[in-house]
Amino acid sequence: KMNILTFDIEEWFHLLNNESTKTELDWQKYEPRIVQNMEKIFKILEDTNTKASFFVLGWIAEKYPNVVREICDRGYEIGSHTTFHQLVYNQDRNSFFQDVDRSIKTLEDISGKKIKMFRAPGFSITEENLWAFEVLHELGIEIDSSVFPASRAHGGMPKYGLAQPSVLKYKGAQLKELPINTTSIFNTPLIFSGGGYFRLLPYPVIKHLTKSSDYIMSYFHPRDFDFNQPLIKELSIQRKFKSYVGLKHAEMKLRKWTTDFEFVDIKKANDTINWNNVKTVEL
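Read on for an overview of the structure.

Rules and cut-offs
Residues numbered from 1 in each chain as written. Predicted model: local features only at pLDDT ≥ 70, side-chain atom pairs only at ≥ 80, totals over all residues. Heavy atoms only, no water. Buried < 20%, exposed > 50% of the residue type's maximum accessible area, 1.4 Å probe, protein only. Helix = DSSP H or I, 4+ residues; strand = E, 2+ residues; numbered from the N terminus. Pairing = 2+ DSSP bridges. Arc of directions from axis to C-beta. Contact = heavy atoms within 4.5 Å. Core = buried A, V, L, I, M, F, W, Y, C linked by side-chain atoms within 4.5 Å. Salt bridge = Lys/Arg side-chain N within 4 Å of Asp/Glu carboxyl O.

## Topic: the pairing of strand E7 (residues 166–170)
Point 1. Across the five residues that make up E7, a large majority, four, are buried.
Point 2. Between E7 and strand E8 (residues 173–177), which pair antiparallel one after the other, the connecting turn spans two residues, and Lys171 there sits at a positive phi close to 50°.

## Quick look at helix H9 (residues 237–244)
Residues that lie three or four places apart on an α-helix share one face, since the helix turns once every 3.6 residues.
Point 1. Those residues of H9 that fall on the buried side of the exposure criterion are Arg239, Ser243 and Tyr244. One face of H9 carries all of its buried residues, which in axial projection span an arc of 105°. Exposed side chains of H9 directed beyond 90 degrees from the buried face belong to Ile237 and Gln238.
Point 2. Buried-residue contacts for H9 involve helix H7 (195–200) and helix H10 (247–260).
Point 3. Immediately downstream of H9, the backbone of Gly246 shows phi near 70°, a positive value.

## Points about the nonpolar core
Across soluble globular proteins, you tend to see nonpolar side chains buried next to one another.
Point 1. Ranked by size, the top nonpolar core spans 73 residues in total, and within it Phe7, Ile9, Phe54, Ile71 and Trp257 carry the most contacts.
Point 2. Here this core takes six residues from helix H2 (residues 34–47), the largest share from any one element.
Point 3. Contact partners of Trp257, with chain neighbours within four places excluded, come to Phe192, Ser193, Phe198, Tyr203, Ile206, Thr210, Ile216, Ser218, Phe220 and Phe263.
Point 4. Core analysis: the second largest hydrophobic core is formed by 21 residues, Leu178, Ile180, Tyr215 and Val264 among them.

## Digging into the environment of Val245
Point 1. You can see Val245 is positioned in the loop between H9 and H10.
Point 2. On the basis of relative accessible area, Val245 is assigned to the buried category, the value being 18%.
Point 3. For the pair Val245 and Arg199, spaced 46 residues apart in sequence, the C-alpha separation works out to 6.5 Å.

## So, unusual backbone geometry
Point 1. Of note in the backbone geometry, Thr82 takes a positive phi value of approximately 75° without being a glycine.
Point 2. On the secondary structure map, Thr82 appears in the loop between strand E4 (77–80) and helix H5 (93–111).
Point 3. Positive phi, normally seen in glycine, also occurs at Lys171, with a value near 50°.
Point 4. One can find Lys171 in the loop between E7 and E8.

## Here's the deal with the pattern of salt bridges
Pairs may arise between side chains of opposite charge once their charged atoms sit close together.
Point 1. A full pass over the atoms with the stated rule returns 17 salt bridges.
Point 2. The residue Arg33 makes a salt bridge to Asp226 at a minimum N-O spacing of 2.6 Å. Separated by 193 residues along the polypeptide, Arg33 in the loop between helix H1 (24–27) and H2 and Asp226 in the loop between strand E11 (215–217) and H9 bring together distant segments of the chain. You'll find Arg33 and Asp226 in the same group, each marked buried.
Point 3. For Arg255, the salt bridge identified is with Glu251, shortest N-O distance 3.3 Å. Highlighted residues: Arg255 and Glu251, both in helix H10, separated by four residues, approximately one helical turn.
Point 4. Under the relative-accessibility criterion, Arg255 is labelled partly exposed at 23%.
Point 5. Salt bridges sharing partners connect three or more residues here, namely Glu39, Glu46, Glu70 and Arg74.

As structure tokens, this is what we get:
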């Protein structure tokens, strides 16, 4: 059994598919909440004695280098979550390369460590833009966690077919892939280990599903635990529900989850997995 804890470090207004929060210019309208929200995450991890990995936006690193320094000083590892939090399938190959390259350089400059991990915003590498894996390979990324092996609003990759650690091959690129885990309910993939899914489901359900899972890749954001964040009025009703449901109890649920089960960071997972024995997925 392996449960991995990860956080995508971005601001509360970095919501995808929303015109009013799409560009860096839009972001200036909103109050920053990243520092106080990070303190909350650090406290949860400290109180439950849990390790985690952090996929950090280059934009956050550029504006708040101390956030990155504190993650590193506390002994947690970092990866790239791009610079500007754009959906990968809305970019061409060159703009994606420039964006990820910039984020890696920024994070390496601040942390003094080599960046080898990546996660795409919204898990937006799909069957239509597999070239993204070549770009990651070119930029020295070794471990990816962008595959969402089910359908979702931002794409997903149902054809990937594996919700477990695997070796991903595409043309000349090879990456260690740690996809999001799914569980099957009535032959339908269900996700429970992060974001709105985690906030929506009652804790006893999450606990039951965790017990019956051999592999979990969680993904949380600082905003998931920020009950007092302002409401972005321009959001669609569906998006409002997804973005704000269950905020009140999310912190308590994460504390329970990390107390009831043992979680590791990606470094520990990478060291534990026998990569010669996992399945290879050729895309």
